[in-house]
Amino acid sequence: GAILLGVPVGFMTAVFLAKMAPPKLKAAVSAAVSLLAGIPSVVYGFVGLYIVVKFFEKMGRAAGESVLAGGIVLSVMILPYMISSCCDTMVKIRDRYAPASMAMGVSRWYLAGQLVLPASGKGILISMALATGRAMGETMAVMMVMGNSIATPTLLGKAETISALIAMEMGIAEVGSTHYSALYAAGLSLMLLLFAINIIFELLKRRLSREE
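Here's a quick rundown of the structure. (Residues numbered from 1 in each chain as written. Predicted model: local features only at pLDDT ≥ 70, side-chain atom pairs only at ≥ 80, totals over all residues. Heavy atoms only, no water.)

1. What to know about the side chain of Glu169
- In this fold, Glu169 is placed in helix α8 (residues 162-169).
- At 15 Å, Lys158 is the nearest oppositely charged side chain to Glu169, a buried residue that forms no salt bridge.
- When residues no more than four places from it in sequence are discounted, the contact partners of Glu169 are Ile150, His179 and Leu183. (Helix = DSSP H or I, 4+ residues; strand = E, 2+ residues; numbered from the N terminus. Buried < 20%, exposed > 50% of the residue type's maximum accessible area, 1.4 Å probe, protein only. Lys, Arg positive; Asp, Glu negative; His and termini not counted. Salt bridge = Lys/Arg side-chain N within 4 Å of Asp/Glu carboxyl O. Contact = heavy atoms within 4.5 Å.)

2. Re helix α5 (residues 108-119)
- Counted at 1.5 Å a residue, the expected span for α5 with its 12 residues is 16 Å, and the 15 Å between its end C-alpha atoms agrees.
- All buried positions along α5 are accounted for by Leu111, Ala112 and Val116. Relative to the axis of α5, the buried residues are bounded by an arc of 90° and lie together on one face.
- At its buried positions, α5 is contacted by α1 (2-19) and α4 (67-104). (Expected span 1.5 Å × (residues − 1). Arc of directions from axis to C-beta.)

3. Side note on helix α6 (residues 121-137)
- Between its first and last C-alpha atoms α6 spans 24 Å; for 17 residues at 1.5 Å apiece the expected length is 24 Å, and the two agree.
- Buried within α6 we find Gly121, Gly123, Ile124, Leu125, Ser127, Ala129, Ala131, Thr132 and Ala135.

4. Re a nonpolar patch on the surface
- Taken together, the side chains of Val42, Val43, Phe46, Val47, Tyr50, Ile51 and Met140 present a nonpolar region at the surface, about 640 Å² in accessible area.
- Here the nonpolar patch takes six residues from helix α3 (residues 41-58), the largest share from any one element.
- By secondary structure assignment, the location of Val43 is in helix α3.
- Overall, the relative accessible area of 36% leaves Val43 in the partly exposed class. (Patch = residues over 30% accessible without salt bridge, like charges linked within 9 Å, V, L, I, M, F, W, Y side chains within 5 Å. Areas by Shrake-Rupley, 256 points an atom, 1.4 Å probe, with all protein chains shown as cover.)

5. Let's talk about the side chain of Ser85
- Mapped onto the fold, Ser85 is located in helix α4.
- On the basis of relative accessible area, Ser85 is assigned to the buried category, the value being 19%.
- Those residues in contact with Ser85, other than ones at most four positions away along the chain, are Gly123 and Ser127.

6. Digging into the environment of Ala186
- Position of Ala186 among the secondary structure elements: in helix α9 (residues 178-211).
- For Ala186 and Cys86, which are 100 residues apart along the polypeptide, the C-alpha to C-alpha distance reads 32 Å.
- Those residues within four positions of Ala186 in sequence are excluded, and the remaining contacts are Ile162 and Ile166.

Okay, here's the thing in structure tokens:
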């Protein structure tokens, strides 16, 4: 949910900053993005509790904690990774192609759509991989807004992430018990899932390299 919400917003913001934003506005937005990256996750959790969760409660939900609330909070948390990386990549490629394009009379929109964006594919994939890893490893913020219910997750229902499960129960699990081993198995499954996602991104990056 965080990737589906955060990646399009981050990508469009990066395109705007790299190609259309006036210098003063770009500086202000870039400073705000850097500030978002430095905010502790527990602060995001508190903001999510008092804004996102309360919003769902006012919309008629008995409890505002849900998977969707966690996805919304996480989507904001991954924006700095998407925006900074994508914007830097597109600015470098634009500066590389801009002089020749201007000399040939190519329009700004053609330069952006036909040259810069296709050449930025690998950088965008790397940004998505970083954002995915950041979202999957987050613990505190989602633990505060998802309800921490061990149940089959639904979009508007309570649930618990693997990282939150480990954080909450590792301290009470007896060393050497089945419970203790199960928490390590949960951590292993999360790590394997992250490896699988990174392999997929790497294969996509190599395919883009071959097409270039």
